[in-house]
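# Analysis of the macromolecular model
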Amino acid sequence: MKKYQVIELLTRKLGLGQMLEEPVRVHGGLLHNMYHVKTMAGEYAVKRLNPEIMKRPEALTNFKNSEKIAKAFEAAIPLVCAITFEGKQIQCLDKDYYLVFPWINAVSVFGQDITFEHCRVMGEILGKIHYSKRQVEGVLPEADPFEMFEWEYYLQRVRSFPDEKQWIMEYKNAVSDIKNWNKEACRSHVYLSGNQVISHRDLDPKNVIWDEYKPYVIDWESAGYVNPFQELLEVIHYWCGDGNGALDEKKIAVLAGAYSKYADMAGVDWNAVFSGSYMGMLGWLSYNIKRALGIEGSDQEEMGSGEEQVIGTIRELYSFQKNAGQIKKVIGCE
């Protein structure tokens, strides 16, 4: 059965009426497929969750919790969460899982299109998320969120590949630094785990859409507990670029200034925070190496996407290392 036929069955099942035209694939998501769907009842964004991810025993519970977290912040910040149908936000049809969202006419902004105002708004959003101190039933801090990933095992696997692909060469060149970043991040675990809040945990520009300067935070699937200052550094790195690979100190000051309206940053161990801030990128790198190797998903599209993300994430790690001193200078923690 064609994907659009399944989506039409879904919209009918949920009482959204007959589709007016074939769904349009919306590009930008890295793991799941999103479609713009027009029906007699309105316009919707329908996300088909990655079948490989949904095979994991914990996947369904994690998605349920992520939508519960989004719902908990609905009154605090502008966001988009899945529509509830008969008490359920996650829908199952033809062995696949779906989330249905209201369609918002808004777009993400990247690079040089990110302005000082975008940075100010993001600082406020992050501050509101962190200092509303939401608690969500069934959502607990991970017992051991910091781990040493299997970098040596991946290295052995890539050595068996016949072709020297770009991602393999970049991984081989970077693996020593990757191991050191991972060790330093693990050492920071005790400090960072002593102060945690529930948050989005993936607030890069692709996960915020804008109608002019009105934002909507989307894609809450990574949501959970995090050290607030660790996430602040990640958000600065994502949003405060100058468009040429460096950071814009004025943007950092604007974002951190907006955040500081809600946060007391006195007495923070910034060395531990900076070390710990590598962990999110390292986890994403590990996952995408497994995709590129065919360990996590085996079709060519998954493997190709994994290869692209390995290259991009390694470069992002080096960029974060390069820009760390600049961030420390602006927020006054050198």
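Conventions used here
- Residues numbered from 1 in each chain as written.
- Predicted model: local features only at pLDDT ≥ 70, side-chain atom pairs only at ≥ 80, totals over all residues.
- Heavy atoms only, no water.
- Pairing = 2+ DSSP bridges.
- Helix = DSSP H or I, 4+ residues; strand = E, 2+ residues; numbered from the N terminus.
- Phe/Tyr/Trp six-rings, centres within 6.5 Å; stacked < 30°, edge-to-face > 60°.
- Buried < 20%, exposed > 50% of the residue type's maximum accessible area, 1.4 Å probe, protein only.
- 1 Å grid on protein atoms, 1.4 Å probe; cavity = no way out; pocket = protein on both sides within 12 Å on 5 of 7 lines; lining within 4 Å.
- Points joined across faces, edges and corners; volume = space filled by probe spheres on them.
- Salt bridge = Lys/Arg side-chain N within 4 Å of Asp/Glu carboxyl O.
- Arc of directions from axis to C-beta.
- Contact = heavy atoms within 4.5 Å.
- Nonpolar A, V, L, I, M, F, W, Y, C, P; charged D, E, K, R; others polar.
- Axes fitted to C-alpha atoms, helices over the stretch in contact; angles between N-to-C directions.
- Core = buried A, V, L, I, M, F, W, Y, C linked by side-chain atoms within 4.5 Å.
- Polar contact = N/O pair within 3.5 Å; in protein donor to acceptor, adjacent residues only side chain to side chain.

This part is about the pairing of strand 8 (residues 214–217). As judged from the four bridges shared by strand 7 (residues 208–211) and strand 8, these two strands associate in the antiparallel manner. Bridging from a neighbouring strand, Ile209 pairs with Tyr216 of strand 8. A loop of two residues connects strand 7 with strand 8, the two strands running antiparallel in sequence, and Glu212 in this loop sits at a positive phi of about 60°.

Here the focus is the packing of aromatic side chains. Evaluated as defined, the whole model comprises 14 aromatic pairs. Between the aromatic rings of Tyr131 and Tyr259, the centroid separation amounts to 6.1 Å while the plane-to-plane angle is 65°, which identifies the pairing as edge-to-face. Of this pair, Tyr131 sits in helix 4 (residues 116–131) while Tyr259 sits in helix 9 (residues 249–259), placing them 128 residues apart in sequence. Look at Tyr131 and you get partly exposed, because its relative accessible area is 27%. Given a relative accessible area of 0%, Tyr259 falls into the buried group.

Time to look at empty space enclosed by the protein. Scanning the entire structure with this criterion turns up one cavity of 30 Å³ or more. Empty space within the largest cavity amounts to approximately 50 Å³. Taken together, Lys47, Phe63, Ser66, Glu67, Leu99, Phe101, Asp219, Trp220 and Glu221 make up the lining of the largest cavity. Secondary structure elements with two or more residues in the lining of the largest cavity: helix 3 (59–72) and strand 5 (96–102). Residue contributions to the lining of the largest cavity peak at three residues, all from helix 3.

With that settled, consider the pattern of salt bridges. Inspection of every chain in the model, using the stated rule, returns 20 salt bridges. Among the salt bridges present, the one from Arg12 reaches Glu8, with a minimum N-O distance of 3.7 Å. Placement of both Arg12 and Glu8 in helix 1 (residues 3–13) is noted, with a separation of four residues, approximately one turn of the helix. Residue classification places Arg12 among the partly exposed residues on the basis of a relative accessible area of 48%. For the salt bridge of Glu52 with Lys55, the shortest nitrogen-to-oxygen distance reads 3.2 Å. Each of Glu117, Arg120, Glu124 and Lys261 takes part in one network of salt bridges that share partners.

Our next topic: helix 9. Of the positions making up helix 9, those classed as buried are Lys251, Ile252, Leu255, Ala256, Ala258 and Tyr259. In a view along the axis of helix 9, the buried residues occupy a sector of 160°, so they form one face of it. Of the surrounding secondary structure, the elements contacted by the buried residues of helix 9 are helix 4, helix 8 (228–239) and helix 12 (300–331).

Further remarks concern the layout of surface pockets. Taken as a whole, the second largest pocket spans an internal volume of roughly 420 Å³. The wall of the second largest pocket is formed by 20 residues, among which Arg25, Leu31, Asn33, Glu301 and Glu302 lie closest to the centre. Put simply, the parts of the chain that give the lining of the second largest pocket at least two residues each are helix 2 (51–54) and helix 12. Sorting elements by how many residues they give to the lining of the second largest pocket places helix 12 first, with five residues. Across the lining of the second largest pocket, the residue classes break down as four nonpolar, eight polar and eight charged.

Quick look at unusual backbone geometry now. Glycine aside, the phi torsion of most residues is negative, and most peptide linkages are trans. With phi around 45°, Lys133 is a residue other than glycine that occupies positive phi space. Among the secondary structure elements, Lys133 is positioned in the loop between helix 4 and helix 5 (151–159). With phi around 60°, Glu212 is a residue other than glycine that occupies positive phi space. For Glu212, a relative accessible area of 67% gives the class exposed.

In spatial order, the strands read 1-2-3-5-4; together these five strands make up an open sheet with antiparallel pairing. Edge positions in the open sheet fall to strand 1 (24–26) and strand 4 (90–93), since each of these has one partner strand only. The sheet shows a mean angle of 35° between the axes of neighbouring strands, direction not considered. Both strand 1 and strand 2 (residues 33–39) contribute to a ladder of three bridges, which runs antiparallel. Across the sheet, residue Val24 finds its bridge partner in strand 2, namely His36.

Assignment of secondary structure puts Glu307 in helix 12. Here Glu307 falls in the buried class, since its relative accessible area comes to 17%. Excluding anything up to four places from it in sequence, Glu307 contacts Lys165, Trp167 and Ala292.

Here the focus is the nonpolar core. Counting 72 residues, the largest nonpolar core has Trp151, Tyr171 and Trp220 as the members making the most contacts within it. When neighbours within four sequence positions are excluded, Trp151 is seen to be in contact with Tyr171, Val175, Ile178, Lys179, Asn182, Leu282, Leu285, Ser286 and Ile289.

Checked against the element boundaries, Ser132 lands in the loop between helix 4 and helix 5. Here Ser132 falls in the partly exposed class, since its relative accessible area comes to 23%. Separated by 3.0 Å, the side chain of Ser132 and the backbone oxygen of Ile129 make a polar contact.

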